[in-house]
Amino acid sequence: MWRKGSSEGSDRFEYLQTLVTEFQDTDNEEAKEQVLANLANFAYDPNNMEYLKQLQVTDLFLDMLTEENENFVEFGMGGLCNLSMDPECRDIILQSSGISMVTNCLSSQREETVLSAITTLMNLTKPSSRSEITDPAILQCMLRFSLSESPRLRNLAAVFLQDCCTQEQVTQAEQQMQGRQTAVGIPLPKD
């Protein structure tokens with residue numbers, strides 16, 4: 001628990017800084033996973049946003065998207081998803097080639113990673129990024145996901161198509177997909 005009063009902010013910052021330092025200093029994969037999961041959870045709380053920006057946690061989460069360890073990718077993607085609601089963090093993600101990194105996570109076998117990637121793409125959508133986010137390959141992937149047996153994946157993909165795309169883009173992607181059952185290189189998640 002955070003102590004109430006004027007030191008609450010500094011206590012919060014120090015705790016988050018301790019987590020980041022622990023992540024960077026330990027060689028134990030399990031400990032890194034636990035710290036990364038904690039940081040992703042703390043990214044959900046707007047009270048932590050300024051501290052997480054100071055500690056450059058957005059960059060840490062982006063770095064996790066290219067790791068071999070699927071837990072690192074899942075927690076990194078989850079943390080980015082939480083941070084992507086903040087305009088400053090969104091800009092950091094966009095300026096760091098984040099769209100392509102997030103898009104690569106759509107091919108994860110882990111449903112949580114894919115759900116976080118879709119939500120992050122939605123959060124990253126703004127006029128300057130819309131054309132990249134609504135690329136036909138991404139739309140075709142979302143159309144495939146909209147056929148998923150998973151209600152969470154199916155519904156989120158449908159929301160993406162409705163909120164981020166024009167009907168013309170969706171229709172064009174559907175026509176390009178005629179007769180194909182899977183998006184090239186993008187398998188449906190297993191869990």
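Here the structure is a predicted model, which is why all the values come from computation and not from measurement.

Participant: Tell me about the overall build of the chain, and please be specific about residues and values.
Facilitator: Regarding its fold elements, the chain presents 12 helices and 0 strands. Listing the helices and strands of the chain from first to last along the sequence gives α-α-α-α-α-α-α-α-α-α-α-α. For the chain, buried positions account for 49% of its 191 residues. Of the roughly 10,200 Å² that the chain leaves accessible, carbon and sulfur atoms contribute 47%.

Participant: How would you summarise the side chain of S150 if you had to cite specific residues and measurements?
Facilitator: Checked against the element boundaries, S150 lands in the loop between α10 (136-145) and α11 (151-164). Engagement of the side chain of S150 in a polar contact is seen with the backbone nitrogen of L153, the distance being 3.3 Å.

Participant: Kindly report on the confidence of the model for the chain, identifying the contributing residues and their values.
Facilitator: For the chain, per-residue confidence averages 91 on the pLDDT scale, and 89% of positions sit at 70 or higher. Taken together, the stretch residues 1-6 has pLDDT below 50 and engages in 7 contacts with residues farther than four places along the chain or on a different chain.

Participant: Give a detailed account of the pattern of salt bridges, specifying residues and quantitative values.
Facilitator: Going through the model one piece at a time under the given rule, you end up with 8 salt bridges. Across the salt bridge formed by D86 and K53, the nearest N and O atoms sit 3.1 Å from each other. Placement of the pair is D86 in the loop between α5 (70-83) and α6 (87-95) and K53 in helix α3 (residues 49-54), with a sequence separation of 33 residues. Each member of the pair D86 and K53 is classed as buried. In this structure, K126 and D91 form a salt bridge, with 2.7 Å as the shortest nitrogen-oxygen distance. On the criterion of sequence distance, the pair formed by K126 in the loop between α8 (111-124) and α9 (130-133) and D91 in helix α6 is long-range, its members being 35 residues apart. Judged by relative accessible area, K126 falls into the partly exposed class, the value being 23%.

Participant: Please set out a negative patch on the surface residue by residue, giving values where relevant.
Facilitator: On the surface, E29, D59, D63, E67, E68 and E70 cluster together into a negatively charged patch. When you line up the elements, D59 lands in helix α4 (residues 57-64). Since its relative accessible area comes to 33%, D59 is described here as partly exposed.

Participant: How would you summarise the packing of α8 against α11 if you had to cite specific residues and measurements?
Facilitator: Their axes nearest at 10 Å, the elements α8 and α11 cross at an angle of 15°. Here α8 is positioned roughly parallel relative to α11, judged by the angle of their axes. Handedness of the crossing formed by α8 with α11: left-handed. Here E111, E112, V114, L115, I118, T119, L121 and M122 of α8 lie close against α11, whose contacting residues are R152, L153, L156, V159, F160 and C164.

Participant: Account for the nonpolar core, with residues named and values stated.
Facilitator: Core analysis: the biggest nonpolar cluster contains 55 residues, and F61, L106, I118, L121, M142, F145 and F160 have the highest contact counts within it. For this core, the leading source of residues is α8, giving 7 residues.

Participant: So what's going on with the packing of α4 against α5? Which residues, and what values?
Facilitator: Running from N to C, α4 and α5 point in directions that differ by 140°, and their axes come no closer than 7 Å. Between α4 and α5, the angle is such that the two are oblique. In the packing of α4 onto α5, the handedness of the crossing is left-handed. Counted together, V57, T58, F61, L62 and M64 of α4 and F72, V73, F75, G76, G79, L80 and L83 of α5 form the full contact between these two elements.

Participant: Explain the packing of aromatic side chains to me, using residue names and the numbers behind them.
Facilitator: Inspection of every chain in the model, using the stated rule, returns 3 aromatic pairs. Summarising the aromatic geometry, the rings of Y15 and F42 are spaced 5.6 Å apart at their centres and angled 75° between planes, so their arrangement reads as edge-to-face. With Y15 in helix α1 (residues 8-25) and F42 in helix α2 (residues 29-42), this pair connects stretches of sequence that are 27 residues apart. Owing to a relative accessible area of 37%, Y15 belongs among the partly exposed residues under this scheme. A relative accessible area of 21% means that F42 is categorised as partly exposed.

What counts and how
- Residues numbered from 1 in each chain as written.
- Predicted model: local features only at pLDDT ≥ 70, side-chain atom pairs only at ≥ 80, totals over all residues.
- Heavy atoms only, no water.
- Helix = DSSP H or I, 4+ residues; strand = E, 2+ residues; numbered from the N terminus.
- Buried < 20%, exposed > 50% of the residue type's maximum accessible area, 1.4 Å probe, protein only.
- Areas by Shrake-Rupley, 256 points an atom, 1.4 Å probe, with all protein chains shown as cover.
- Polar contact = N/O pair within 3.5 Å; in protein donor to acceptor, adjacent residues only side chain to side chain.
- pLDDT = per-residue confidence, 0-100.
- Contact = heavy atoms within 4.5 Å.
- Salt bridge = Lys/Arg side-chain N within 4 Å of Asp/Glu carboxyl O.
- Patch = residues over 30% accessible without salt bridge, like charges linked within 9 Å, V, L, I, M, F, W, Y side chains within 5 Å.
- Lys, Arg positive; Asp, Glu negative; His and termini not counted.
- Charge placed at Lys NZ, Arg CZ, Asp CG, Glu CD.
- Axes fitted to C-alpha atoms, helices over the stretch in contact; angles between N-to-C directions.
- Parallel < 35°, antiparallel > 145°, perpendicular 65-115°, else oblique.
- Left-handed = near helix turned anticlockwise from the far one by under 90°.
- Core = buried A, V, L, I, M, F, W, Y, C linked by side-chain atoms within 4.5 Å.
- Phe/Tyr/Trp six-rings, centres within 6.5 Å; stacked < 30°, edge-to-face > 60°.

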